[in-house]
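Working through the structure, step by step
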Amino acid sequence: TPRLSARGLVKRFGSTTALAGVDVDLHNGESLAVMGPSGSGKSTLLHCLAGILPPDAGTVTLDGREVSRLSDRERSLLRRRRYGFVFQFGQLLSELPAIENVALPAMLLGTSRRDATELAGRWLASLGLAGMEGRRPGELSGGQAQRVAVARALITGPAVVFADEPTGALDQATGHDVMRILTETTKAAGASLVVVTHDSQVADWCDRRIEVRDGLVVGATAEVPR
Ligand code: ADP
Ligand code: ADP
């Protein structure tokens, strides 16, 4: 079974059909780029896959278990326990130092402050941020802040990491650096990865890509045999 699987996903906002029947499979440890022009439905697809939005029709399964019809509360627990999120720049808690931003998701799952802080310190060091633990997000460069976001997404050992335009606010060189770290670190942690981007060079970092237009998947690169 695929790690994450969607069948016939439909999502409407009033008279707008954002998703018109999407099928997608994400395998264990695989990274998938979701591409397409602005307004094509990429973010809505990510939000439905990640259990942020319930679809109007269709199903999402995680490890073969249907997760698209869980209650809001259960979906929120599922996100915290099994998923990690990296969004565009500006998502970190600005009042908290980097190390507390990273430690927080582990503490929310019941890890003690001491253990979570120690683990967060190891994550920051492994992403090249030793010495930056005490800096608040506003005192980091854009690339550094996104590396903190990657550490925060991975500290809980998620099954899937979801990234929505993770390089959107970065210059090209920094964006590539962040994509290299995001794809390599996620794979090393054994997690699968979904990256929404409109940038083909960003998508090149992923194993596979799909192209979305008007709420439909209109193209895809071949699945890697496994
Ligand atoms: P993309 O991420 O490819 O830019 P989106 O998934 O954000 O596309 O949007 C797909 C379509 O759904 C667009 O027409 C957008 O305007 C609409 N849409 C997305 N979210 C909402 C919302 N919360 N309310 C109303 N319309 C929305
Ligand atoms: P990168 O290429 O890694 O994104 P930058 O060239 O943007 O880094 O930043 C270089 C250095 O300046 C970094 O060490 C970073 O910590 C520091 N820096 C960037 N922005 C700020 C800021 N607003 N306040 C304090 N230090 C900053």
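Residues numbered from 1 in each chain as written. Chains lettered and ligands numbered in written order. Predicted model: local features only at pLDDT ≥ 70, side-chain atom pairs only at ≥ 80, totals over all residues. Heavy atoms only, no water.

Going by what an unreviewed UniProt entry lists, the chain is known as ABC transporter ATP-binding protein and is assigned to Cellulomonas humilata.

Okay, the overall build of the chain next. Along its length, the chain carries 7 helices and 10 strands. Since a compact globule built from 226 residues should have a radius of gyration of about 17 Å, the 17 Å found for the chain is in line with a globular shape. In terms of overall dimensions, the chain has C-alpha extents of about 45 × 40 × 40 Å along its principal axes. For the chain, the share of sequence-separated contacts (at least 6 apart) that also reach a separation of at least 24 residues comes to 69%. (Helix = DSSP H or I, 4+ residues; strand = E, 2+ residues; numbered from the N terminus. Rg over C-alpha atoms; globule rule 2.2 N^0.38 Å. Contact = heavy atoms within 4.5 Å.)

Residues V86, V102, L124, V148, V161, L182 and V195 are the most contacted members of the largest nonpolar core, which totals 36 residues. Of all the secondary-structure elements, those providing two or more residues to this core are strand 3 (31-35), helix 3 (98-108), helix 4 (113-126), helix 5 (142-154), strand 7 (160-164), helix 6 (172-188), strand 8 (192-196) and helix 7 (200-203). Tallying contributions element by element places helix 5 first for this core, with 7 residues. Excluding residues that lie within four positions of it along the chain, L182 makes contacts with V86, V150, V161, A163, P166, L193 and V195. Of all hydrophobic cores here, the second largest spans 28 residues; its members include C48, L78, Y83 and V194. (Core = buried A, V, L, I, M, F, W, Y, C linked by side-chain atoms within 4.5 Å. Buried < 20%, exposed > 50% of the residue type's maximum accessible area, 1.4 Å probe, protein only.)

Another aspect to go through is the pairing of strand 9 (residues 208-213). For a regular strand, the rule is simple: side chains alternate between the two faces of the sheet. Side-chain alternation along strand 9 places R208, I210 and V212 on a buried face and R209, E211 and R213 on a face that remains uncovered. As paired elements, strand 3 and strand 9 share 4 bridges and run parallel to each other. Counterpart to M35 in the pairing with strand 9 is E211. Across 4 bridges, strand 9 lies against strand 10 (residues 216-220) in antiparallel orientation. Its bridge partner lying in strand 10, V212 is registered against V217. (Pairing = 2+ DSSP bridges.)

This part covers the site of ligand 2. With respect to spatial proximity, the complete set of residues near ligand 2 consists of R135, G138, E139, L140, S141, G143, Q144 and T174. G138 has a polar backbone atom sitting 3.0 Å from a nitrogen atom of ligand 2. E139 is positioned such that a nitrogen or oxygen atom in its backbone is 3.4 Å from a nitrogen atom of ligand 2. When grouped by side-chain class, the residues that make up the shell around ligand 2 number 1 nonpolar, 5 polar and 2 charged. (Near = heavy atom within 4 Å. Polar contact = N/O pair within 3.5 Å; in protein donor to acceptor, adjacent residues only side chain to side chain. Nonpolar A, V, L, I, M, F, W, Y, C, P; charged D, E, K, R; others polar.)

F13, T16, A18, P37, S38, G39, S40, G41, K42, S43 and T44 make up every residue found near ligand 1. At 3.1 Å, a backbone N or O of S40 approaches an oxygen atom of ligand 1. Here an oxygen atom of ligand 1 and a side-chain polar atom of T44 are 2.6 Å apart. Protein coverage of the free-state accessible area of ligand 1, which is 560 Å², stands at 57%. (Areas by Shrake-Rupley, 256 points an atom, 1.4 Å probe, with all protein chains shown as cover.)

We now examine the pattern of salt bridges. Opposite charge on two side chains permits pairing when their charged atoms draw close. Tallying each qualifying case throughout the model produces 13 salt bridges. Between D72 and R75 there is a salt bridge whose closest N-O contact spans 2.5 Å. Of the two residues, D72 and R75 are both situated in helix 2 (residues 72-82); the distance of 3 residues between them amounts to about one turn of the helix. When its relative accessible area of 5% is taken as the criterion, R75 is described as buried. Each of the salt bridges in this network shares a partner with another, and the network as a whole consists of R3, D63 and R82. (Salt bridge = Lys/Arg side-chain N within 4 Å of Asp/Glu carboxyl O.)

Okay, the sheet that holds strand 5 (residues 65-66) next. With antiparallel pairing, the 4 strands of this open sheet are ordered in space as 2-1-4-5. The sheet terminates laterally at strand 2 (16-26) and strand 5, the two strands that pair on one side only. Set on the sheet, helix 1 (residues 42-49) makes contact with strand 1 (4-13), strand 2 and strand 4 (57-62); between it and strand 1 the angle comes to about 125°. (Axes fitted to C-alpha atoms, helices over the stretch in contact; angles between N-to-C directions.)

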